[in-house]
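Given next are the chains, with one letter for each unit.
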Amino acid sequence: METILKTIQTSSAICATLAIVAGLFALNVHSRINPAQAASPQLPMAPELVGTNAQWLNTNGKPLTLNSRRGKVTIIEFFAFQCSNCKANLATYKKWATKWEKQGVEVVAVHTPELPAERDPKNVAAYARENGITFPILIDSSGANWKNWKQQYWPTIYVVGADGRVRYQWQGELEYNNAGGTAQVERQIEAAIADTRKPTKVVKTEDEWQRILPPMTFEVLRHAETENAYSGDLWDNHEAGIYRCAGCGLELFSSTTKFESGTGWPSFYQAINRNAVEEKSDYTMGMERTEVVCSRCGGHLGHVFNDGPRPTGLRYCMNSAALSFQKAQR
């Protein structure tokens, strides 16, 4: 896991240890996984949470496992209830617990004690009640989870993706010295949620695509050719409905975002959702452009430009041959 030291900060728990050698400085250690690696199978698998029924709070007496949460995003936060930096993060954890609840995201707190009062599970339960914590808490009295996760600091936050892999780690208080941790972690949570919605890839050989696609559609989708302006049958289509990928049938654009661009190609100011299309740098034809491809089959659709109408200011300039149209049912 890539580790980047940003600034210096610590929880009150480790401050007691470090104060002797570091004076009254606070230690902020921010570790993260490069977001570009977020979908990589090389990312570490999150260690399974271990604990008996009695060690869990707010779960109706049932242990929670990461294995049971496959397909959903989980936020793991290690804390100690007397840690001042952990307390500073608490309001954000509570916000996260409700913000993405409908998307299946869950915050799971792991309480690993350091100071004497933190070792009594009754004190942990009392702290949870007094502070209105309703998300699951695992009382890690023996430090088994702390060891399994190779923990160093209170607090530490992990974003675990739907595949059970650790996507991101933040160590320390989120907003200590204007660190901006809240926004950074939230971006990773949003990205992890988005990945759960990504369509399953459709992969075929060149020969297979050529057998099932009309000649012009094959050249556009698989060889990134461009049809002549005004030659397609969808640039002036005004009917209500959905525009799909002509190769794999994925929904790409809605007629509600289609507009007349005067270019002779179907134009839209946004895709039907953030996972419908992917954008790539394109340096062909002696110019730099942004290519748009179907996120399911990788078929070339066209290009996107920054000269479209509100609210996005974008113009997705698509090839008719790359699209199929499904008329809305009345």
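Quick note: structure is the one above.
Please read all numbers here as calculations on a predicted model, not as lab measurements. (Residues numbered from 1 in each chain as written. Predicted model: local features only at pLDDT ≥ 70, side-chain atom pairs only at ≥ 80, totals over all residues. Heavy atoms only, no water.)

## Comments concerning helix H2 (residues 84-99)
Taking 1.5 Å of rise per residue, the 16 residues of H2 would be expected to cover 22 Å, and the 24 Å separating its terminal C-alpha atoms lies within 8% of that figure. If you look at H2, its biggest bend is around 35°, right at Leu90. Every buried residue belonging to H2 is among Asn85, Cys86, Asn89, Leu90, Thr92, Tyr93, Trp96 and Ala97, and all of these are buried. (Helix = DSSP H or I, 4+ residues; strand = E, 2+ residues; numbered from the N terminus. Expected span 1.5 Å × (residues − 1). Bend = angle between axes of the 7 residues up to and from the residue. Buried < 20%, exposed > 50% of the residue type's maximum accessible area, 1.4 Å probe, protein only.)

## Comments concerning the packing of aromatic side chains
Tallied over the entire structure, the rule returns 13 aromatic pairs. Every member of this aromatic cluster is reached through a ring pair, and the members are Phe78, Trp146, Trp149, Trp154 and Tyr158. Between Lys204 and the ring centre of Trp209, over which it is positioned, the NZ or CZ distance is 5.8 Å. (Phe/Tyr/Trp six-rings, centres within 6.5 Å; stacked < 30°, edge-to-face > 60°. Lys NZ or Arg CZ within 6 Å of the ring centre and 35° of its normal.)

## Some details on the nonpolar core
In this structure, Leu49, Ile76, Trp96, Trp149 and Val185 are the most contacted members of the largest nonpolar core, which totals 49 residues. The element contributing the most residues to this core is H2, with five residues. Apart from the residues within four sequence positions on either side, Leu49 is in contact with Trp56, Leu64, Leu66, Ile76, Val108, Val110, Leu138, Asn145 and Trp149. In this structure, Tyr243, Cys245, Cys294 and Tyr316 belong to the second largest nonpolar core, which totals 26 residues. (Core = buried A, V, L, I, M, F, W, Y, C linked by side-chain atoms within 4.5 Å. Contact = heavy atoms within 4.5 Å.)

## Overview of the pattern of salt bridges
Within this structure, the stated rule accounts for nine salt bridges. The partner of Glu106 in a salt bridge is Arg69, and the shortest N-O contact between them spans 3.5 Å. Of this pair, Glu106 sits in strand E3 (residues 106-111) while Arg69 sits in the loop between strand E1 (56-57) and strand E2 (74-79), placing them 37 residues apart in sequence. In this structure, Lys99 engages Glu186 in a salt bridge whose closest nitrogen and oxygen atoms are separated by 3.4 Å. In this pair, Lys99 sits in helix H2 while Glu186 sits in helix H5 (residues 181-196), placing the two residues 87 residues apart along the sequence. Classification of Lys99 as partly exposed rests on a relative accessible area of 42%. One salt-bridge network, held together by shared partners, links Lys95, Lys99 and Glu186. (Salt bridge = Lys/Arg side-chain N within 4 Å of Asp/Glu carboxyl O.)

## What to know about the side chain of His303
Counting through the fold element by element, His303 comes out in strand E13 (residues 300-305). Within the structure, His303 has its side chain in polar contact with the side chain of Arg289 (distance 3.5 Å). Discounting residues that sit within four places of it in the chain, His303 has contacts with Asp282, Arg289, Thr290, Glu291, Val292, Arg315, Tyr316, Cys317 and Met318. (Polar contact = N/O pair within 3.5 Å; in protein donor to acceptor, adjacent residues only side chain to side chain.)

## Looking at H5
Note: α-helices contain 3.6 residues per turn, so residues at a spacing of three or four share the same orientation. For H5, built from 16 residues, the straight-helix expectation of 22 Å at 1.5 Å per residue is met to within 8% by its first-to-last C-alpha distance of 23 Å. All of the buried residues along H5 are Gly181, Thr182, Val185, Glu186, Gln188, Ile189, Ala192, Ile193 and Ala194. In this structure, the buried residues of H5 make contact with E2, H2, strand E5 (156-160) and strand E6 (166-171).

## Here's the deal with the environment of Lys327
Note on placement: Lys327 falls in strand E15 (residues 323-327). Sequence separation between Lys327 and Ile242 is 85 residues, and the spatial gap between their C-alpha atoms is 6.6 Å. Contact partners of Lys327, with chain neighbours within four places excluded, come to Glu239, Ala240 and Gly241.

## Regarding unusual backbone geometry
Each neighbour pair has its own omega, and for Trp154 with Pro155 the value is -10°, a cis peptide bond. With respect to the element layout, Pro155 can be found in the loop between helix H4 (144-148) and E5. For the bond from Arg310 to Pro311, the omega torsion is 5°, close enough to zero to count as cis. Mapped onto the elements, Pro311 comes out in the loop between E13 and strand E14 (315-318). Phi angles above zero are rare outside glycine, and Ala224 is one such case at about 60°. Note on placement: Ala224 falls in the loop between helix H7 (215-223) and strand E7 (241-245).

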